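Per-entry structural report
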Amino acid sequence: AAIFNGSYILLLGVIKINRIDSVVTAAYTNLFSSISFFIYCGIRGELYVDMPSNGWIAIVFIALVCTAIAIIALSKGIRMIGASKASIISTFEPLEGVILSFIFLGESMSIRQIIGIVLILLAIIMINSSDKKMGKKEGKIQQEGKSRNT
């Protein structure tokens, strides 16, 4: 799932998301996610549509608030900071889920989860610090090129 999520974010950057409205992106993403979900459940024989109204209300809430709004925000974020940085930032999602469930739902955290959180944070720090170093090197190279041309 993580590979598909990262690929999806980078693909949005490649197809020039600046030309596509965020709501359109959210609509297509939800449409194809729904289709794949129904196919998967149909193959497994686990497609249940006979649910109480509270279940359907929860599904609509999740589809609109947790999915559509998040995709619209992601699209706008990719426009603002680029696909690669948005992909790196999206690695915080599982980390946030674990921490928020610990704080608000009283769930316990295992040593493996704590190690995972630390590894994610270290990876993000390493990527950002290497990006800064690369940016400084590129800036020096551009300055040297300009001084040679003048």
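What you see is a predicted model, and the numbers here were worked out from it, not measured in a lab. (Residues numbered from 1 in each chain as written. Predicted model: local features only at pLDDT ≥ 70, side-chain atom pairs only at ≥ 80, totals over all residues. Heavy atoms only, no water.)

Quick notes on the overall build of the protein chain
Looking only at helices and strands, the protein chain has 6 helices and 0 strands in total. Mapped from its N terminus to its C terminus, the protein chain presents α and β elements in the order α-α-α-α-α-α. The proportion of buried residues among the 150 residues of the protein chain is 15%. With an accessible surface of roughly 11,600 Å², the protein chain has 69% of that area assigned to carbon and sulfur atoms. (Helix = DSSP H or I, 4+ residues; strand = E, 2+ residues; numbered from the N terminus. Buried < 20%, exposed > 50% of the residue type's maximum accessible area, 1.4 Å probe, protein only. Areas by Shrake-Rupley, 256 points an atom, 1.4 Å probe, with all protein chains shown as cover.)

A closer look at helix H2 (residues 22–44)
Counted at 1.5 Å a residue, the expected span for H2 with its 23 residues is 33 Å, and the 33 Å between its end C-alpha atoms agrees. Within H2 the residues assigned to the buried category are Ser22, Thr25, Ala26, Thr29 and Cys41. (Expected span 1.5 Å × (residues − 1).)

Topic: a nonpolar patch on the surface
Taken together, the side chains of Ile111, Ile114, Ile115, Val118, Leu119, Leu121, Leu122, Ile125 and Met126 make up a nonpolar region of the molecular surface, amounting to roughly 860 Å² of accessible area. Of note, valine 118 is situated in helix H6 (residues 111–149). (Patch = residues over 30% accessible without salt bridge, like charges linked within 9 Å, V, L, I, M, F, W, Y side chains within 5 Å. Salt bridge = Lys/Arg side-chain N within 4 Å of Asp/Glu carboxyl O.)

Some thoughts on helix H3 (residues 53–81)
Compared with an ideal rise of 1.5 Å per residue, which puts 29 residues at 42 Å, H3 spans 40 Å between its outermost C-alpha atoms and is within 8% of the ideal. Maximal helix bending in H3 amounts to about 25°, located at isoleucine 62. Considered for burial, the residues of H3 that qualify are Ala68, Ile71, Leu74, Ser75 and Ile78. Where H3 terminates, the next one or two residues include glycine 82, which has phi positive at roughly 95°. (Bend = angle between axes of the 7 residues up to and from the residue.)

Digging into the packing of aromatic side chains
Using the criterion set out here, one finds 1 aromatic pair in the structure. The interplanar angle of 65° and the centroid separation of 5.8 Å between the aromatic rings of phenylalanine 37 and phenylalanine 38 together place this pair among those described as edge-to-face. (Phe/Tyr/Trp six-rings, centres within 6.5 Å; stacked < 30°, edge-to-face > 60°.)

Some words on the packing of H2 against H3
Contact geometry of H2 with H3 gives a least axis separation of 9 Å together with a crossing angle of 130°. Between H2 and H3, the crossing angle belongs to the class labelled oblique. Crossing geometry of H2 relative to H3 is assigned as right-handed. Here Ser22, Val23, Thr25, Ala26, Thr29 and Asn30 of H2 lie close against H3, whose contacting residues are Ala63, Thr67, Ala68, Ile71, Ile72, Ser75, Lys76 and Arg79. Tallied by class, the residues present in the contact of H2 with H3 amount to 6 nonpolar, 6 polar and 2 charged. (Axes fitted to C-alpha atoms, helices over the stretch in contact; angles between N-to-C directions. Parallel < 35°, antiparallel > 145°, perpendicular 65-115°, else oblique. Left-handed = near helix turned anticlockwise from the far one by under 90°. Contact = heavy atoms within 4.5 Å. Nonpolar A, V, L, I, M, F, W, Y, C, P; charged D, E, K, R; others polar.)

Overview of the confidence of the model for the protein chain
Detailed conclusions should not be drawn from predicted coordinates in areas where pLDDT is low. Here the protein chain averages 77 in pLDDT, while 75% of its residues score no lower than 70. Per-element averaging of pLDDT across the protein chain places helix H1 (residues 2–14) at the bottom with 61 and helix H5 (residues 92–104) at the top with 86. (pLDDT = per-residue confidence, 0-100.)

Focus on the environment of isoleucine 72
Looking at where isoleucine 72 falls in the secondary structure, it is placed in helix H3. Residues isoleucine 72 and valine 24, 48 residues apart in the sequence, show an inter-C-alpha distance of 8.7 Å. Those residues in contact with isoleucine 72 that lie beyond four places of it in its chain are Ser22, Val23 and Ala26.

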